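What the coordinates show
Spelled out, the chains give:
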Amino acid sequence: MANQLLEFKEILRSIQVSNQRKPDKQTRKLLFYLFTSTRGGFTRLRIIMSLLDKPYNTHQLSQELDLDYKAIQHHMKVLEKNNMVSKIGEKYGAIFHLSNFLEMNISALDEAIDKLDRNMNHKKVYL
């Protein structure tokens, strides 16, 4: 997982964003919540990174990420509700792609990956 996070960071850094701006506090808070504060954060991050390459429907994402269709369906609902992805079409054949909101604030995702990496590699020590 840690190697995947490093790959994700490299991919994000290689993307040339024409409108590079600092995300506001609420946007950072939302991204941190979606990708670091919940159990499905890493899975949602994997979905977003897949959608950077090209649009997918739910079935294609489940095959691409080797995850259960229902799990992908749940995460896509969460991402769509929070304006991270946009959907074209209806029902089974709906195609998902990154929302304009996320594309504008993609630099904040880099910070969320850093925090997720720290959370995943942090070992609790009990005395």
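Figured I'd write up the structure that's included with this text. Keep in mind it's a predicted model, so treat the numbers as computed, not measured.

Section: the pairing of strand S2 (residues 85-88)
As paired strands, S2 and strand S3 (residues 95-98) are joined by four bridges and run antiparallel to one another. Looking at S3, one finds that serine 86 is bridged to histidine 97. Hairpin connection between S2 and S3: a loop of six residues separates the two successive antiparallel strands, and glycine 89 in this loop has a positive phi of roughly 100°.

A few points about the environment of serine 50
Its location among the elements puts serine 50 in helix H3 (residues 41-53). The class for serine 50 is buried, based on a relative accessible area of 9%. Spatially, the C-alpha atom of serine 50 lies 9.8 Å from that of leucine 98, the residues being 48 residues apart in sequence. If sequence neighbours within four positions are ignored, serine 50 has contacts with Tyr56, Leu61, Glu64 and Leu65.

Quick word on the packing of H3 against helix H4 (residues 58-65)
Working note: a packed helix pair is described by the angle between its axes plus the distance between those axes. Direction vectors running N to C along H3 and H4 enclose 110°, while the axes themselves pass 11 Å from each other. Classified by the angle between their axes, H3 and H4 sit roughly perpendicular to one another. Residues Arg46, Ile47, Ser50 and Leu51 of H3 form the contact with H4, whose own contacting residues are Leu61, Glu64 and Leu65. Taken together, the residues that form the contact of H3 with H4 break down as four nonpolar, one polar and two charged.

Notes on the pattern of salt bridges
Counted according to the given criterion, the structure contains one salt bridge. The partner of glutamate 111 in a salt bridge is arginine 28, with the nearest N and O atoms 2.7 Å apart. Here glutamate 111 is found in helix H7 (residues 106-121), whereas its partner arginine 28 is found in helix H2 (residues 25-36), with 83 residues between them in sequence. Accessibility expressed as a relative area gives 29% for arginine 28, which makes it partly exposed.

Some details on the nonpolar core
If you look at the biggest cluster of nonpolar residues, it comprises 31 residues, and the most contacted ones within it are Phe35, Leu45, Ile48, Leu51 and Met76. Residue assignment for this core shows that the elements contributing at least two residues are helix H1 (2-14), H2, H3, H4, helix H5 (69-81), S3 and H7. Excluding residues that lie within four positions of it along the chain, leucine 51 makes contacts with Tyr56, Leu61, Met76, Val85, Phe96 and Leu98.

Each value, and the rule that gives it
- Residues numbered from 1 in each chain as written.
- Predicted model: local features only at pLDDT ≥ 70, side-chain atom pairs only at ≥ 80, totals over all residues.
- Heavy atoms only, no water.
- Pairing = 2+ DSSP bridges.
- Helix = DSSP H or I, 4+ residues; strand = E, 2+ residues; numbered from the N terminus.
- Buried < 20%, exposed > 50% of the residue type's maximum accessible area, 1.4 Å probe, protein only.
- Contact = heavy atoms within 4.5 Å.
- Axes fitted to C-alpha atoms, helices over the stretch in contact; angles between N-to-C directions.
- Parallel < 35°, antiparallel > 145°, perpendicular 65-115°, else oblique.
- Nonpolar A, V, L, I, M, F, W, Y, C, P; charged D, E, K, R; others polar.
- Salt bridge = Lys/Arg side-chain N within 4 Å of Asp/Glu carboxyl O.
- Core = buried A, V, L, I, M, F, W, Y, C linked by side-chain atoms within 4.5 Å.

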